[in-house]
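# Working through the structure, step by step
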Amino acid sequence: MIRLARTDDLPRLQDIERAAGEAFRGLGMDQIADDEPFSLDEMNVYVGAGRAWVWVDGLDYPLAYLLTDIVDGNAHVEQVSVHPDQAHQGLGRELLHAARVWARGHGMHRQTLSTFRDVPWNAPYYRRLGFQTLDAGSWGPELARLMEHEAELGLTRWPRVAMWRPVVPPT
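Quantities reported herein were computed from a predicted structural model and do not represent experimental measurements.

A few words on helix α1 (residues 10-21). End to end, α1 covers 17 Å across 12 residues, agreeing with the expected 16 Å (1.5 Å per residue, within 8%). Three or more residues of α1 are buried, namely L10, R12, L13, Q14, I16, E17, A20 and G21. Where α1 is buried, its residues touch α2 (30-34), α3 (40-49), β2 (52-56), β3 (62-71) and β4 (74-82).

Of the volumes computed, that of the largest pocket is approximately 1500 Å³. In this structure, the largest pocket is lined by 47 residues; those nearest its centre are F24, Q79, V80, S81 and N122. Elements with a contribution of two residues or more to the lining of the largest pocket: α1, α2, β4, α4 (91-105), β5 (110-116), α5 (123-128) and α6 (141-152). When its residues are assigned to classes, the lining of the largest pocket shows 23 nonpolar, 15 polar and nine charged.

Now for unusual backbone geometry. Phi is positive for D60, close to 65°, though the residue is something other than glycine. Secondary-structure assignment places D60 in the loop between β2 and β3.

This part is about the environment of A75. Structurally, A75 is set in strand β4. For A75, the residues in contact, after removing those within four places along its chain, are T68, D69, W102, A103, M108, R110, Q111 and T112.

Within α3, the full set of buried residues consists of M43, Y46 and V47. Seen from one end, α3 has its buried residues packed into an arc of 100°, which puts them on one side. Seen from the buried face of α3, the exposed residues on the opposite side, beyond 90 degrees, are D41, V45 and G48. Buried residues in α3 make contact with α1, β2, β3 and β4.

To continue, consider the packing of aromatic side chains. Under the definition given, this model contains seven aromatic pairs. Consider the rings of W53 and W102, whose centres lie 5.8 Å apart with planes at 70°: the pair is edge-to-face. Taken together, the positions of W53 in strand β2 and W102 in helix α4 put the pair 49 residues apart, joining distant regions of the chain. The class of W53 is buried, set by a relative accessible area of 6%. Centroid distance F116 to W158: 6.1 Å. Interplanar angle 85°. Geometry classified as edge-to-face. Of this pair, F116 sits in strand β5 while W158 is found in the loop between α6 and β7 (160-166), placing the two residues 42 residues apart along the sequence. There is no split in this pair, since F116 and W158 are both buried. Members of the aromatic cluster, each reached through a chain of ring pairs, are F24, F116, W121 and W158. Of note, R160 hangs over the ring of F116, and the distance from its end group to the ring centre comes to 4.3 Å.

Each value, and the rule that gives it
- Residues numbered from 1 in each chain as written.
- Predicted model: local features only at pLDDT ≥ 70, side-chain atom pairs only at ≥ 80, totals over all residues.
- Heavy atoms only, no water.
- Helix = DSSP H or I, 4+ residues; strand = E, 2+ residues; numbered from the N terminus.
- Expected span 1.5 Å × (residues − 1).
- Buried < 20%, exposed > 50% of the residue type's maximum accessible area, 1.4 Å probe, protein only.
- Contact = heavy atoms within 4.5 Å.
- 1 Å grid on protein atoms, 1.4 Å probe; cavity = no way out; pocket = protein on both sides within 12 Å on 5 of 7 lines; lining within 4 Å.
- Points joined across faces, edges and corners; volume = space filled by probe spheres on them.
- Nonpolar A, V, L, I, M, F, W, Y, C, P; charged D, E, K, R; others polar.
- Arc of directions from axis to C-beta.
- Phe/Tyr/Trp six-rings, centres within 6.5 Å; stacked < 30°, edge-to-face > 60°.
- Lys NZ or Arg CZ within 6 Å of the ring centre and 35° of its normal.

Read these as layout, nothing more, since geometry by itself doesn't imply function.
Here it is in structure tokens:
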């Protein structure tokens with residue numbers, strides 16, 4: 001079940017992200033695996049804004065989560081993480097859908113994200129969900145700054161892409 005995240009969920013969300021990040025070690029991406037999640041204060045901003053969702057089990061225990069920013073007037077997926085024990089069960093897909101519905105309800109037209117181009121559970125996964133690569137010439141000013149910031153952090157050591165999909169699925 002998906003619900004809005006609460007402040008008391010946040011330490012567990014950090015644990016989920018750390019556990020999910022371990023998969024990057026197998027690709028030689030230790031810098032990514034070692035990257036710390038947002039602080040509790042940073043995550044709490046998303047909770048307060050109603051832009052943090054969790055997938056919980058029957059005991060209301062978080063197993064996955066998603067944070068959304070607003071970038072160039074679009075719903076931008078800042079982070080989506082699924083605990084590896086729950087991988088391949090559609091939790092990430094459902095969280096992305098919940099954020100898509102939220103975006104539609106807030107009058108937005110696109111859901112965007114930035115991700116690793118060649119990591120199987122990144123860009124190839126998002127393509128299967130209907131996301132398309134967004135060429136740099138189509139980036140708005142905020143997305144361009146975000147992509148520049150990612151480059152400053154060294155994330156472009158591995159190829160990155162910005163992606164988008166409409167918040168209203170094609171008919």
